[in-house]
Amino acid sequence: MISSILLAAQATVPTTPAWNPTVGIIISITCLVIVLLSTRIEKPLVGPKFPILPISVPTFVAAMAFGHIIGVGIVLGLTNIGRL
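Described in the following lines is the structure provided in the data block. In this text the structure is predicted, and so the values were computed from the model without any measurement.

**Topic: the overall build of the protein**
Part 1: Each helix and strand in the protein was counted, giving three helices and zero strands.
Part 2: Carbon and sulfur atoms provide 73% of the accessible area of the protein, an area that totals close to 6,400 Å².

So, in structure tokens, the structure goes:
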């Protein structure tokens, strides 16, 4: 049996877009911007380092995770206002 609270929440959930190249480009750009911004943190070189990038592996993983979160927020926001 489904709770009445779940039924009430179901009506308010907006539709989410299916994946397409535009969604991938938006998330890729946000991840790249966050990785570039992560070089400005106080200690980006704590832990094992990448041979090419000026950041460490933990900083890179954290930047990618945060970039995906920001990218998903942008995609959902653009979908909500009807631009995507």
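Now that the structure is up, let's keep going.
**A short note on the packing of helix α2 (residues 21–38) against helix α3 (residues 57–80)**
Part 1: In the contact formed by α2 and α3, the axes pass within 7 Å of each other and the chain directions differ by 140°. Our classification of the angle between α2 and α3 gives oblique. When the axes of α2 and α3 are compared, the crossing they make is right-handed. Contacts between α2 and α3 involve V23, I26, I27, T30, C31, I34, V35 and S38 on the former and, on the latter, T59, F60, A63, M64, F66, G67, H68, G71, V72, I74, V75 and L78.
Part 2: Its residues assigned to classes, the contact of α2 with α3 shows 14 nonpolar, six polar and no charged.

**What to know about the nonpolar core**
Part 1: Ranked by size, the top nonpolar core spans five residues in total: V23, I26, I27, C31 and V75.
Part 2: In this structure V23 touches A18, V75 and L84, once residues within four positions along its chain are discounted.

**As for a nonpolar patch on the surface**
Part 1: Judged by side-chain polarity, I25, I29, V33 and L37 come together as a nonpolar surface patch covering roughly 370 Å² of accessible area.
Part 2: Position of V33 among the secondary structure elements: in helix α2.
Part 3: The exposure class assigned to V33 is partly exposed, which follows from its relative accessible area of 40%.

**What to know about α2**
Part 1: Compared with the 26 Å implied by 1.5 Å per residue over 18 residues, the 25 Å span of α2 between its first and last C-alpha is a close match.
Part 2: Taken residue by residue, α2 has V23, G24, I26, I27, T30, C31, I34, V35 and S38 as its buried positions. Around the axis of α2, the buried residues are gathered within 165° of arc, so they sit on the same side. Exposed residues pointing more than 90 degrees away from the buried face of α2 are listed as P21, I25, L32 and L36.
Part 3: On its buried side, α2 packs onto α3.
Part 4: The N-terminus of α2 is capped by N20, whose side-chain oxygen sits 3.1 Å from the backbone nitrogen of T22.

Parameters at a glance
- Residues numbered from 1 in each chain as written.
- Predicted model: local features only at pLDDT ≥ 70, side-chain atom pairs only at ≥ 80, totals over all residues.
- Heavy atoms only, no water.
- Helix = DSSP H or I, 4+ residues; strand = E, 2+ residues; numbered from the N terminus.
- Areas by Shrake-Rupley, 256 points an atom, 1.4 Å probe, with all protein chains shown as cover.
- Axes fitted to C-alpha atoms, helices over the stretch in contact; angles between N-to-C directions.
- Parallel < 35°, antiparallel > 145°, perpendicular 65-115°, else oblique.
- Left-handed = near helix turned anticlockwise from the far one by under 90°.
- Contact = heavy atoms within 4.5 Å.
- Nonpolar A, V, L, I, M, F, W, Y, C, P; charged D, E, K, R; others polar.
- Core = buried A, V, L, I, M, F, W, Y, C linked by side-chain atoms within 4.5 Å.
- Buried < 20%, exposed > 50% of the residue type's maximum accessible area, 1.4 Å probe, protein only.
- Patch = residues over 30% accessible without salt bridge, like charges linked within 9 Å, V, L, I, M, F, W, Y side chains within 5 Å.
- Salt bridge = Lys/Arg side-chain N within 4 Å of Asp/Glu carboxyl O.
- Expected span 1.5 Å × (residues − 1).
- Arc of directions from axis to C-beta.
- Polar contact = N/O pair within 3.5 Å; in protein donor to acceptor, adjacent residues only side chain to side chain.

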